[in-house]
Amino acid sequence: MEKKKTSREYLELSALELLTEWPINKVTVEDIVQNCSISKRTFYNYFRDKNELVSQTYIHLLEKYFEQREISLSGFIRFFVQTSFENRQFLRNAIIYTEQNNICDSLYEPVGDQLFRASNVESKNSFSEREKLAATFVAYGMVAFLADTASHGYNYKPEEMISFFENGIPKVLKG
């Protein structure tokens, strides 16, 4: 039996659907709630604004990696690129907004945390500030490259991006 979706999940699906079709500046909170038949009041119980919803939607897509059995640094990079590629129109439409609470600024820390988590599991399961700093540095580069790719419509193939990111991982994260 399939688990019933929460209001938060319906709002995220609505944002994903609408931003696949329209730029973020053309989508309102009203559009989002009407699309999934949820009240504005419920929306504001979960999110400050549509920008927070958009960021959280993408972060939740990436968090699905850790629901899988095998956790590895290269596996996370592959998943990050594949998820970004599959949702490239959503990202392109979300990245248009560059003011406060934009998707890129919201992704740096969670992507860094996920990189650190994947490298930590892969290597020695111990915490190091140096590893955490390296994961944050790599995350900034990955998110910036993703934003540039999405906003300019570069046509990199997923395998090219995976290879590029894997080759840029510092030794400290590889164990």
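Each value, and the rule that gives it
- Residues numbered from 1 in each chain as written.
- Predicted model: local features only at pLDDT ≥ 70, side-chain atom pairs only at ≥ 80, totals over all residues.
- Heavy atoms only, no water.
- Phe/Tyr/Trp six-rings, centres within 6.5 Å; stacked < 30°, edge-to-face > 60°.
- Helix = DSSP H or I, 4+ residues; strand = E, 2+ residues; numbered from the N terminus.
- Buried < 20%, exposed > 50% of the residue type's maximum accessible area, 1.4 Å probe, protein only.
- Lys NZ or Arg CZ within 6 Å of the ring centre and 35° of its normal.
- pLDDT = per-residue confidence, 0-100.
- Core = buried A, V, L, I, M, F, W, Y, C linked by side-chain atoms within 4.5 Å.
- Contact = heavy atoms within 4.5 Å.
- Axes fitted to C-alpha atoms, helices over the stretch in contact; angles between N-to-C directions.
- Parallel < 35°, antiparallel > 145°, perpendicular 65-115°, else oblique.
- Nonpolar A, V, L, I, M, F, W, Y, C, P; charged D, E, K, R; others polar.

Visitor: Run through the packing of aromatic side chains, naming residues and quoting values.
Guide: Summed over all chains, the structure comprises 11 aromatic pairs. Seen in terms of ring centroids, Tyr46 and Phe47 are 6.2 Å apart; in terms of plane orientation they differ by 45 degrees. Their pairing is tilted. With a centroid separation of 6.2 Å and an interplanar angle of 65 degrees, the aromatic rings of Phe80 and Phe165 are classed as edge-to-face. Taken together, the positions of Phe80 in helix H5 (residues 73–86) and Phe165 in helix H9 (residues 158–167) put the pair 85 residues apart, joining distant regions of the chain. Accessibility expressed as a relative area gives 0% for Phe80, which makes it buried. Classification of Phe165 as buried rests on a relative accessible area of 5%. Taken together, Phe76, Phe80, Phe145, Tyr156, Phe164 and Phe165 form an aromatic cluster joined through their ring pairs. Above the ring of Phe85, the side-chain terminus of Arg88 is found at 4.0 Å from the ring centroid.

Visitor: Could you give me a rundown of the confidence of the model for the chain, with the residues and numbers involved?
Guide: Of the residues in the chain, 91% reach a pLDDT of 70 or more, and the chain-wide mean stands at 85. Ranking the elements of the chain by mean pLDDT puts helix H10 (residues 171–174) last with 80 and helix H2 (residues 29–36) first with 97.

Visitor: Report on the nonpolar core, specifying residues and quantitative values.
Guide: Ranked by size, the top nonpolar core spans 55 residues in total, and within it Leu11, Tyr58, Phe80, Ile103, Val111 and Leu115 carry the most contacts. Contributions of two or more residues to this core are made by helix H1 (7–21), H2, helix H4 (50–63), H5, helix H6 (88–95), helix H7 (103–122), helix H8 (129–152) and H9. Here this core takes 10 residues from H8, the largest share from any one element. Setting aside chain neighbours within four positions, we find Leu11 in contact with Ile32, Val33, Cys36, Ile38, Phe43, Tyr46, Phe47 and Leu53.

Visitor: Provide a residue-level description of the side chain of Glu12, including the pertinent values.
Guide: Looking at the element boundaries, Glu12 is found in helix H1. If we ignore the near neighbours within four places in the chain, the residues touching Glu12 are Phe47, Leu53, Gln56, Thr57 and His60.

Visitor: Can you tell me about the packing of H6 against H8, naming the residues and giving the values?
Guide: Running from amino to carboxyl end, H6 crosses H8 at an angle of 95 degrees, the nearest separation of the two axes being 8 Å. Classified by the angle their axes make, H6 and H8 are roughly perpendicular. Between H6, through Leu91, Arg92 and Ile95, and H8, the contact on the second element is made entirely by Leu146, Ala147, Ala150 and Ser151. Residue composition of the contact of H6 with H8, by class: five nonpolar, one polar and one charged.

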